[in-house]
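Residues per chain, in single letters:
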4 protein chains.
Amino acid sequence: MAGSSFGNIFRITTWGESHGKGLGVVVDGCPAGLPLCEEDIQKFLNRRKPGQSKYTTPRKEDDAVEILSGVFEGKTTGTPISLAVYNRNQQSKDYSEIASYYRPGHADYTFDAKYGFRDYRGGGRSSGRETIGRVAAGAVAVKILNRLGITFTTYTKSIGPVTASKKNFDAAQITKNPLYMPDAEAAENAAAYLEACMAELNSSGGTVECIIQGMPAGIGDPVFEKLNANLAKAVMSIGAVKGFEIGDGCDVAKATGRTNNDAFCINTDGAVAKKTNHAGGILGGMSDGSDILLRASIKPTPSITATQQTVNKSGEEIDISIKGRHDPIIVPRAVVVVESMAAITIADALFANMSAKMEHLEKFYK
Amino acid sequence: MAGSSFGNIFRITTWGESHGKGLGVVVDGCPAGLPLCEEDIQKFLNRRKPGQSKYTTPRKEDDAVEILSGVFEGKTTGTPISLAVYNRNQQSKDYSEIASYYRPGHADYTFDAKYGFRDYRGGGRSSGRETIGRVAAGAVAVKILNRLGITFTTYTKSIGPVTASKKNFDAAQITKNPLYMPDAEAAENAAAYLEACMAELNSSGGTVECIIQGMPAGIGDPVFEKLNANLAKAVMSIGAVKGFEIGDGCDVAKATGRTNNDAFCINTDGAVAKKTNHAGGILGGMSDGSDILLRASIKPTPSITATQQTVNKSGEEIDISIKGRHDPIIVPRAVVVVESMAAITIADALFANMSAKMEHLEKFYK
Amino acid sequence: MAGSSFGNIFRITTWGESHGKGLGVVVDGCPAGLPLCEEDIQKFLNRRKPGQSKYTTPRKEDDAVEILSGVFEGKTTGTPISLAVYNRNQQSKDYSEIASYYRPGHADYTFDAKYGFRDYRGGGRSSGRETIGRVAAGAVAVKILNRLGITFTTYTKSIGPVTASKKNFDAAQITKNPLYMPDAEAAENAAAYLEACMAELNSSGGTVECIIQGMPAGIGDPVFEKLNANLAKAVMSIGAVKGFEIGDGCDVAKATGRTNNDAFCINTDGAVAKKTNHAGGILGGMSDGSDILLRASIKPTPSITATQQTVNKSGEEIDISIKGRHDPIIVPRAVVVVESMAAITIADALFANMSAKMEHLEKFYK
Amino acid sequence: MAGSSFGNIFRITTWGESHGKGLGVVVDGCPAGLPLCEEDIQKFLNRRKPGQSKYTTPRKEDDAVEILSGVFEGKTTGTPISLAVYNRNQQSKDYSEIASYYRPGHADYTFDAKYGFRDYRGGGRSSGRETIGRVAAGAVAVKILNRLGITFTTYTKSIGPVTASKKNFDAAQITKNPLYMPDAEAAENAAAYLEACMAELNSSGGTVECIIQGMPAGIGDPVFEKLNANLAKAVMSIGAVKGFEIGDGCDVAKATGRTNNDAFCINTDGAVAKKTNHAGGILGGMSDGSDILLRASIKPTPSITATQQTVNKSGEEIDISIKGRHDPIIVPRAVVVVESMAAITIADALFANMSAKMEHLEKFYK
């Protein structure tokens, strides 16, 4: 099935494999008149680039983006924006062995089950490099949203047992440590934890949190196209995400109505606001004007050097140890991917909302 | 935006408000030749019916379903199946007061923000009665899937602080206690906890878990249409769900690769299997042949009798106490809703998968 | 496949068979705040009602519509509008014989080929009664568009060899003759032609033309979602339509660039206009501000009393003569169906267009 | 709006402008295991290449395609196939003048009306070069369909007043004359007609016809997703197409039921067949097993050297004469575009049809 598109009015379509000729995305439905250049996209891609610290794979990926269409004289034209990153530093020989067996925690087996065979080089389409298209498109979405007053703060919330504290939250810290944590002390502790994992040929999971500020109220839909439902799909579609939460998330299961309900109040501008934000900025599927807060739980990198049991394509049980250049944790690199998917979802919902009222239509067309 | 449809090849479209003339669903894309009668649907609707215990609203809702189209001589014809439940026992006067203010934790404010006004009777479109359409469609999806050997076991996993233990898991218990818990002891403890909540004019959250057995491997897609992503959207689109998990879910954030990876093995039938199932039956977005396990965290009923602060439409801060007939917990009634949304998602993915390989097409058409 | 929905942001989903319990439509994505009552819908349905002249089937179809959801206190709420027409006057015994053979020109054989069997009563889902849902939804779309200054003039352009002349065009005539022709003389000649057809147990084809006035320029999209492409799909999806044309239509094949190009000019309001309208109001897939003109060629009613050759389900060649109450021509009743499908398409395109420019978004959200 | 995708299960997304860096398409939902190489695509692109006769623009367009993803070891993998053609021979200076005014018959004005400005170089996104993506994707679709026994015969049916006769139909002729006509004599007459047009600085319209053989019965859907409706959208979305017909097309308007109905019979293989094919192979929206026959009416190239009246962006009425290298007729180059769009539509419908019956699903999954 055609499963490489996301979004409806603002829609992205990604393509590419880890070790093919390249990867890219077609961003369709971008409004005309947005100033856009390669540097806008590159900044985002650089946030997911490996090789920036000892906690990411030492692979070099230049990931230089080219805009192939949809921009003229520095502005988007309203037609599809084709963005491509050509592969340059892929070492196919590193991966040839994995053609014959199924790596635990990877999609090798399920690809074979579905399609009969797979491009095994570097994980093919199920490689983390697949996210290049998402992030390139996310850069466009964030640029649109910024111009509408909507901003994103996304960071590593936790790594293994180490969680960034709410008390020490410092957004400026996020880009100052290689783990993208908003808490310098937690970042140090997490680094120590990762060192220990690596020493044991092991890897770690963690969480990414995203705060979206400046949202108008009423964005999203009441039933299947709830804003939280689409954010859930967007974020769960990122490889390795196993849990998704809005606001208090899974903790609501232990809460009571008295503690979980957010009282409405009138803020200093005379507008309706909420005294607390357990809801994470969404009520009944529509934004309520508070910050949107979402969280993704990401599993440990499945590629570990420690010996593992698995089976090969001949149906034999074997022991393997995965070589190659792998991240001991993918969470820091996933930060920009989560932000990108959230932004693409929000942009699409904002566009769809414009025809919600007859008075909007009448003002627009008369 | 048209936000009341879900699914692609197997697609449902729901309609209706709590206190309007009725609610219903159009099930489109159902294969021809499925035996189907009203009793098949009614059984499912009865699982979400209130008034069955003291832990659900004492409202009587008969919710008798009618099949209006798409079935001829006892079998589906391949054309849309229109299912309707006409409202009979709605007491609009109970709700008239809420027209003027915004109930905390409800969609009153966001509806007004989006649409300018709302059908305030009984929550209108954001009422829990909206799920009638989902469940009626879910009955059709489950019937299809059962014939393909795929079965669902869905239950209340936890209520407030009380969790059904894995050790005492007993599927037969689920329908024996009014809370749909698979653990008799936990059900008793949960009942006691709910009594305490009700005494304090309070409500409780909880979790629903769903196990899907008999899934072939390779169902779902590798990128945006990952099976887990669509399940996440499906389940997060149910009102009050704030967290969604697959397999070990949020716990993976604290896990390591060594503990989280599921080793592949050859089972007694000679087929590829997994020794553990931390992944919850999905790898790289596609089913791996193990049981699919998903979990939804559901917030406490926002309608509580305790006094709450809010604002009215004139912009004044006021105190309210919500009267009417409300569930102290919605989790037990949500069990069948989660199952329904999961089944609709799985059916759509199975249909989409049929053209995954050229050899499938060649066998089918030649 | 789910093939009973049409549209994207403004989307309709129809259901129902000729002789089932009823037929209907769910209109999703209708903006909130549109005044709407059953009479608005009924007026449209009455335009397709049979039994109004000797040129339509003498069957009585009351086709009284009920609004089941989506309207509150006389206005649309933004949630799905469910419209139903319950069947009352169906005589199933008239049709029982056709269960065993395939009527020429009908969908009996293709239904069996696809689904294995069919609801044969009155044509089931392939009956002309299927258009009830389209027309009920069309009434909503036209009401929206009228409020934006967009109007429709739709009529029978030709019946068999008789064509309404451009010279005698009189819009007021359309509702004054039972054939909906905008030319009294042509209507008389067409009536005489139909009498002759009926005398020979025969039926006639014809054309429907639709003029859409008041369109803003720039509606539609440049590539696959061209306004003309979506209008083509909309109109060709009406049973019995075999040809679709925009502007000069098929005649362009014989034209030259000199005669077919429409010169641009500045009109008396100082706006860009065209001196002629061979293009039919659409250039490059987007409306150009001139009237949109489209035309559908409709085949003769396939149900004729004259003897025909066909085969039965046992694979025998047989002669048949179709009894029952059939229209000698369906063109006049198709007029409102063509208008409805055009209006649904235009509404969807107008909604989608609102995010075409960044400056639109910035004005809307800031 | 995202308007550059077409299809549902088999979906293509095109991008690119005439004079940008290139053009391309992402083909998503292609089944795994189809042998595919660049030569397969190139053959199709060469059929739309200009400069092959004096009746097409003397521009050289190499249009060499590259497969960037989705193919591994010579076979499709089931993941998106990205196909790109980089622009090499574009002469932007030829077109710079058209930035300031609106060419009659072109999309210049409607682009400005929608988006506020346009990439005016060579027509930008509304250039005929936009069809490169369609044709590259069409090559994939045709290759799939050929393996299922479905074949396409597509040709120029008429040019101006000259029509290829049915009597002299000779499929072998199609590739033997530069006009792709299946009738040598007509091709000669058409050539003479074109010479005369060119001498008058004029251009000509014409028709393309496509015959699809080997279709199984039952493909397509009964209501909005009728096979003819989707073919209509597919073909009308090609720039310059103003009329679309199935089977007898517009002629049905003058026909009677006696002459237009196709009698069913039993063919020599004992299968249900039709004695005639006025229906063009589709009944009730579904294929009936006969050849599908469709026809597109294409307007004359709007770019003519003769003087024309128009307006410029300053609102002044001016006279222009369009220079540059233009086709006096685009019909021969549109032949492969029509075939491509038809094939993409048919492939999508075949995939969607696989879940039409429960017995299909049961056989597939058990």
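Residues numbered from 1 in each chain as written. Chains lettered and ligands numbered in written order. Predicted model: local features only at pLDDT ≥ 70, side-chain atom pairs only at ≥ 80, totals over all residues. Heavy atoms only, no water.

### Some details on the overall build of chain A
- Within chain A, the regular secondary structure consists of 8 helices and 18 strands.
- Taken over C-alpha atoms, the radius of gyration comes to 21 Å for chain A, in line with the 21 Å a tight globule of 366 residues would show.
- In terms of overall dimensions, chain A has a C-alpha envelope of 65 × 50 × 40 Å along the principal axes.
- When the 366 residues of chain A are sorted by exposure, 69% land in the buried category. (Helix = DSSP H or I, 4+ residues; strand = E, 2+ residues; numbered from the N terminus. Rg over C-alpha atoms; globule rule 2.2 N^0.38 Å. Buried < 20%, exposed > 50% of the residue type's maximum accessible area, 1.4 Å probe, protein only.)

### Quick notes on the relation of the copies chain C and chain A
- Expressed as a screw operation, the relation of chain C to chain A combines 0.0 Å of axial shift with a rotation of 180°, fitting to an RMSD of 0.0 Å. On the angle and the small slide along the axis, the relation comes out as a two-fold axis. Among all residues of chain C, the minimum C-alpha distance to the rotation axis is found for C:M354, at 3.3 Å.
- Comparing interface residues between copies, 100% of those in chain C also lie at the interface in chain A; the contact surface is shared. (Least-squares fit on C-alpha atoms with pLDDT ≥ 70 in both. Contact = heavy atoms within 4.5 Å.)

### Quick word on the interface of chain C and chain A
- In this complex, chain C contributes 25 residues to the contact, which on the side of chain A involves 25 residues.
- Taken over both partners, the interface formed by chain C and chain A buries close to 2500 Å², and the fraction arising from carbon and sulfur atoms is 68%.
- The largest per-residue losses of area from chain C upon contact with chain A belong to C:M354, C:M358 and C:Y365, which jointly make up 30% of the total buried on that side.
- Summed over the shared surface of chain C and chain A, the number is 2 salt bridges.
- Where chain C meets chain A, there are 12 residue pairs in polar contact (both at pLDDT 80 or more).
- Put simply, the parts of the chain that give the side of chain C that touches chain A at least two residues each are α3 (131-147), α7 (331-352) and α8 (358-365) of chain C.
- For the side of chain C that touches chain A, the element with the most residues is α8(C), which contributes 6 residues. (Buried area = accessible area lost by both parts, 1.4 Å probe. Salt bridge = Lys/Arg side-chain N within 4 Å of Asp/Glu carboxyl O. Polar contact = N/O pair within 3.5 Å; in protein donor to acceptor, adjacent residues only side chain to side chain.)

### Side note on the packing of aromatic side chains
- Enumeration according to the criterion identifies 36 aromatic pairs over all chains in this entry.
- Relative to C:F351, the ring of C:F10 lies with its centre 5.9 Å away and its plane at 85°, an arrangement referred to as edge-to-face. Within this pair, whereas C:F10 is found in the loop between β1 (5-6) and β2 (11-16), its partner C:F351 is found in helix α7, the two being separated by 341 residues in sequence.
- Cluster of aromatic residues (ring-pair linked, three or more members): A:Y102, A:Y109 and B:F264.
- The ring of A:F44 is capped by A:R47, whose NZ or CZ atom sits 5.1 Å from the centre of that ring.
- Note that D:K114 overlies the ring of D:Y115, its terminal NZ or CZ placed 5.9 Å from the centroid. (Phe/Tyr/Trp six-rings, centres within 6.5 Å; stacked < 30°, edge-to-face > 60°. Lys NZ or Arg CZ within 6 Å of the ring centre and 35° of its normal.)

### Description of the interface of chain B and chain A
- The interface is formed by 104 residues belonging to chain B together with 104 residues belonging to chain A.
- Across the chain B to chain A interface the summed buried area is about 8500 Å²; carbon plus sulfur atoms make up 60%.
- The tally of links between chain B and chain A comes to 4 salt bridges.
- A salt bridge links B:K233 to A:E225, with the nearest nitrogen and oxygen atoms 3.0 Å apart.
- There are 48 residue pairs in polar contact (both at pLDDT 80 or more) connecting chain B and chain A.
- Residue composition of the side of chain B that touches chain A, by class: 47 nonpolar, 37 polar and 20 charged.
- Two elements, strand β11 (residues 241-246) of chain A and strand β11 (residues 241-246) of chain B, share 3 bridges in a ladder whose sense is antiparallel. The partner of A:E245 across the bridge, within β11(B), is B:G243. (Nonpolar A, V, L, I, M, F, W, Y, C, P; charged D, E, K, R; others polar. Pairing = 2+ DSSP bridges.)

### Notes on the pairing of strand β10 (residues 206-213) of chain D
Residues and elements named next belong to chain D.
- Most of β10 sits inside the fold, with 7 of its 8 residues counted as buried.
- Summarising the sheet, strand β8 (residues 151-159) and β10 pair through 8 bridges and their orientation is antiparallel. When the sheet's bridge partners are listed, T151 is paired in β10 with Q213.
- Bridge analysis of β10 against strand β16 (residues 292-298) gives 7 bridges, and the strand direction is antiparallel. In the sheet register, C210 faces β16, and the bridge partner there is L294.

### Here's the deal with the packing of helix α1 (residues 38-47) of chain D against helix α3 (residues 131-147) of chain D
Residue and element names in this part refer to chain D.
- Relative orientation of the contacting elements α1 and α3 amounts to 125°, with a least axis distance of 8 Å. Our classification of the angle between α1 and α3 gives oblique. For the pair α1 and α3, the sense of crossing is right-handed. Packed against α1, whose contacting residues are D40, I41, F44 and L45, the element α3 presents I132, V135, A136, G138, A139, V140, V142 and K143 at the interface.
- Taken together, the residues of the contact of α1 with α3 sort by class into 9 nonpolar, 1 polar and 2 charged. (Axes fitted to C-alpha atoms, helices over the stretch in contact; angles between N-to-C directions. Parallel < 35°, antiparallel > 145°, perpendicular 65-115°, else oblique. Left-handed = near helix turned anticlockwise from the far one by under 90°.)

### Observations regarding the sheet that holds strand β1 (residues 5-6) of chain D
All names here are of chain D.
- Reading across the sheet, the 5 strands line up as β1-β2-β3-β7-β4 and stay open at both edges, with antiparallel pairing between neighbours. One side of each edge strand has no neighbouring strand; the edge strands of this open sheet are β1 and β4 (65-67).
- Both β4 and strand β7 (residues 81-86) contribute to a ladder of 3 bridges, which runs antiparallel. Counted as the bridge partner of V65 is V85 from β7.

### Quick word on the confidence of the model for chain A
- For chain A, per-residue confidence averages 95 on the pLDDT scale, and residues scoring 70 or more make up 95% of the total.
- Scored as a whole, the predicted complex attains pTM 0.97, and scored at its interfaces, ipTM 0.97. (pLDDT = per-residue confidence, 0-100.)

### What about the environment of C:A342?
Residue and element names in this part refer to chain C.
- Within the secondary structure, A342 is located in helix α7.
- On the basis of relative accessible area, A342 is assigned to the buried category, the value being 0%.
- C-alpha separation for the pair A342 and F152, spaced 190 residues apart in sequence, amounts to 9.1 Å.
- When residues no more than four places from it in sequence are discounted, the contact partners of A342 are F152, C210, I212, L231 and L294.

### A few points about unusual backbone geometry
- Despite not being glycine, A:A240 has its phi angle at roughly 85°, a positive value.
- Among the structural elements, A:A240 can be located in the loop between α5 (227-236) and β11.
- Residues other than glycine seldom take positive phi values, yet B:L201 does so here, at roughly 55°.
- Of note, B:L201 is situated in the loop between α4 (184-199) and β10 (206-213).
- On the basis of relative accessibility, which here comes to 40%, the residue B:L201 falls in the partly exposed class.

### A closer look at the sheet that holds strand β7 (residues 81-86) of chain B
Residues and elements named next belong to chain B.
- Across the sheet, which stays open at both edges, the 5 strands sit in the order β1-β2-β3-β7-β4 with antiparallel pairing between neighbours. On the outer flanks of this sheet lie β1 (5-6) and β4 (65-67), each paired with one strand and no other.
- The sheet contacts of helix α1 (residues 38-47) involve β4 and β7, and relative to β4 the element is tilted by about 150°.

### What about the pairing of β16(D)?
Residues and elements named next belong to chain D.
- Most of β16 sits inside the fold, with 6 of its 7 residues counted as buried.
- Here 5 bridges tie strand β11 (residues 241-246) to β16, and the two strands are oriented antiparallel to one another. Each residue of the ladder has a partner; that of V241, found in β16, is I298.

### Let's talk about helix α7 (residues 331-352) of chain B
- In this model, α7(B) (22 residues) spans 31 Å end to end at C-alpha, consistent with the 32 Å of a helix rising 1.5 Å per residue.
- The buried fraction of α7(B) is high, at 22 of 22 residues. (Expected span 1.5 Å × (residues − 1).)

### What about the environment of A:I304?
- Here A:I304 is to be found in the loop between β16 (292-298) and β17 (308-311).
- Separated by 201 residues in the primary sequence, A:I304 and A:R103 have C-alpha atoms spaced 9.9 Å apart.
- Look past the residues within four positions of A:I304 in its chain and what remains in contact with it is A:L201, A:N202, A:S203, A:I322, B:G257, B:R258 and B:N261.

### Considerations on the side chain of A:T131
All names here are of chain A.
- In this structure, T131 sits in helix α3 (residues 131-147).
- Taking the relative accessible area as the measure of exposure, T131 reaches 9% and is therefore buried.
- Leave out the neighbours within four places in its chain, and T131 touches R48 and V337.

### Describing the side chain of B:K114
- Within the secondary structure layout, B:K114 lies in helix α2 (residues 108-115).
- Here A:G220 takes part through its backbone oxygen, which lies 2.7 Å from a polar atom of the side chain of B:K114.
- The contact partners of B:K114, leaving out residues within four places of it in the chain, are A:G218, A:I219, A:G220, A:D221, A:M286, A:N353, A:A356 and A:K357.

### Considerations on the pattern of salt bridges
- In the structure shown here, the tally under the stated rule is 84 salt bridges over all chains.
- As a salt-bridge pair, D:R147 and B:E362 come within 2.9 Å of each other at their nearest N and O atoms. Taken as a pair, D:R147 in helix α3 and B:E362 in helix α8 (residues 358-365) lie in two separate chains rather than in one.
- What makes D:R147 partly exposed here is its relative accessible area of 30%.
- Under the relative-accessibility criterion, B:E362 is labelled partly exposed at 23%.
- What you see here is one network of salt bridges that share partners, running through A:R103, A:D108, A:D112, A:R118 and A:K313.

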